[in-house]
Amino acid sequence: MKNQLGVSLKKIREKQKLSQKEVASNICSQSMLSAIEHGKYTPNAALLLALCKKLAINLNDVSLASDFDISSSQNFNNKLSYLCNQHKYVELKAFLMNSETFDQIQTAEQSQAYYYYLGVACWHVDSNLSNARQNLQLAIASGEEQLTRTTLTRVALISLALTEAKASQQTRALDLLRQATEKVDKVFYEENLNIVFYIAALIYLEFDNNKDALKWIQAGIRFSTTHNSHYMLANCYCLLAQIAKNSENLDQQLEAQKRSDLFKNLFDERVFDDF
């Protein structure tokens, strides 16, 4: 698992067509970045956050690994994917509110995807969360007749949970989180499930609960790597670094134990009990 951090950062860097020298500039030496990418060195929180900033890894931007169809027309699906992946939420909302787009919906699955994307667009664009909440609720309701809780339903549930967390509705948010994550490790794996763990951690950070945020981000990294997936790992490690930074004000003994558990669980480092 130790190599996953470096692999994830390298993949993001190469996708952006950046050299090691360009990314390392004013942050660390090129040799250190190379060591990180090859799993030979684990960066501290400050260094990791600096690298994530240089690579434009944004904790507020989450794109699906593979988008859900809202239409039988590939042209509409392609435009949706482009707007989502480029985080063009104003244009996305306008596209989804267009009657021509709505008329393309033919199935319950497409309807669920439509309301999910509209909820996400409203979440980013609107001044309040009421429209986002309403559309995410419609997305969840559209999937209620399915025999099993699908990946899209889980993603909609955790997104609504984050919406409630932003509104300081802790009981409601944590109940939705529980629904989204229930038996998530037992269902058929799809990469979009990685999002559920990441947003769960964000929810606990909304309530200043670093301990449970750390638990969920650790679980998310293990979940991704267990399934040989690099999707969301860069964001997960970036959030992990932020949690470590936030935790500096906690009780020293608790912090030391957290860091020990973090490196033991995430990077397969041996912990020596007998000093």
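Further up the page is the structure itself.
Calculation notes
Residues numbered from 1 in each chain as written. Predicted model: local features only at pLDDT ≥ 70, side-chain atom pairs only at ≥ 80, totals over all residues. Heavy atoms only, no water. Core = buried A, V, L, I, M, F, W, Y, C linked by side-chain atoms within 4.5 Å. Buried < 20%, exposed > 50% of the residue type's maximum accessible area, 1.4 Å probe, protein only. Helix = DSSP H or I, 4+ residues; strand = E, 2+ residues; numbered from the N terminus. Contact = heavy atoms within 4.5 Å. 1 Å grid on protein atoms, 1.4 Å probe; cavity = no way out; pocket = protein on both sides within 12 Å on 5 of 7 lines; lining within 4 Å. Points joined across faces, edges and corners; volume = space filled by probe spheres on them. Axes fitted to C-alpha atoms, helices over the stretch in contact; angles between N-to-C directions. Parallel < 35°, antiparallel > 145°, perpendicular 65-115°, else oblique. Left-handed = near helix turned anticlockwise from the far one by under 90°. Nonpolar A, V, L, I, M, F, W, Y, C, P; charged D, E, K, R; others polar. Phe/Tyr/Trp six-rings, centres within 6.5 Å; stacked < 30°, edge-to-face > 60°.

A. Broad picture of the nonpolar core. Leu96, Tyr116, Tyr117, Ile158, Ile203 and Ile217 are the most contacted members of the largest nonpolar core, which has 85 residues in total. Residue contributions to this core peak at 11 residues, all from helix α12 (residues 194–206). When residues no more than four places from it in sequence are discounted, the contact partners of Ile158 are Leu177, Ala180, Val196, Ile199, Ala200 and Ile203.

B. Fine view of the side chain of Arg154. Turning to its location among the elements, Arg154 is positioned in helix α10 (residues 151–166). Dropping the residues within four chain positions of it, Arg154 is found in contact with Arg149, Gln179, Ala180, Thr181, Glu182, Lys183, Val184, Val187, Leu193 and Val196.

C. Geometry of helix α4 (residues 45–54). When α4 is considered as a whole, its buried residues turn out to be Leu47, Leu48, Leu49, Leu51 and Cys52. Positive backbone phi, approximately 60°, marks Ala56, located one or two places after α4.

D. Fine view of the layout of surface pockets. In this structure, the largest pocket encloses a volume near 790 Å³. Every residue lining the largest pocket is counted, 24 residues in all, and those nearest its centre are Ile12, Lys15, Ser63, Tyr231 and Asn235. Secondary-structure elements contributing two or more residues to the lining of the largest pocket are α1 (2–15) and α14 (233–246). At 4 residues, α1 tops the list of elements feeding residues into the lining of the largest pocket.

E. Structural detail: unusual backbone geometry. One non-glycine residue, Lys17, adopts positive backbone phi at about 55°. Summarising the element assignment, Lys17 is placed in the loop between α1 and α2 (20–24). One non-glycine residue, Lys183, lies in the positive phi region at around 55°.

F. Quick look at the packing of helix α11 (residues 170–181) against α12. Running from N to C, α11 and α12 point in directions that differ by 165°, and their axes come no closer than 11 Å. As judged from the angle between their axes, α11 and α12 are roughly antiparallel. Judged by the sense of rotation from one axis to the other, the crossing of α11 with α12 is left-handed. Each of Leu174, Leu177, Ala180 and Thr181 in α11 lies in contact with α12, whose residues at this interface are Val196, Ala200, Ile203 and Tyr204. Class assignment of the residues belonging to the contact of α11 with α12 gives a composition of 7 nonpolar, 1 polar and no charged.

G. Spatial organisation of the environment of Val90. Inspection of the secondary structure puts Val90 in helix α6 (residues 89–97). Take Val90: its relative accessible area is 60%, and that puts it in the exposed class. The sequence separation of Val90 and Ala121 amounts to 31 residues, and the corresponding C-alpha distance is 7.0 Å.

H. Seen up close, the packing of aromatic side chains. Under the definition given, this model contains 7 aromatic pairs. An aromatic cluster is present here, built from Tyr189, Phe197, Trp216 and Phe223 joined pairwise through their rings.

I. Quick peek at the packing of α12 against α14. In the contact formed by α12 and α14, the axes pass within 11 Å of each other and the chain directions differ by 20°. Classified by the interaxial angle, the pair formed by α12 and α14 is roughly parallel. Judged by the sense of rotation from one axis to the other, the crossing of α12 with α14 is left-handed. Side by side, α12 and α14 meet where Tyr198, Ala201, Leu202 and Leu205 of the first sit next to Asn235, Cys236, Leu239, Ile243 and Asn246 of the second. Of the residues contributing to the contact of α12 with α14, the split by class is 7 nonpolar, 2 polar and no charged.

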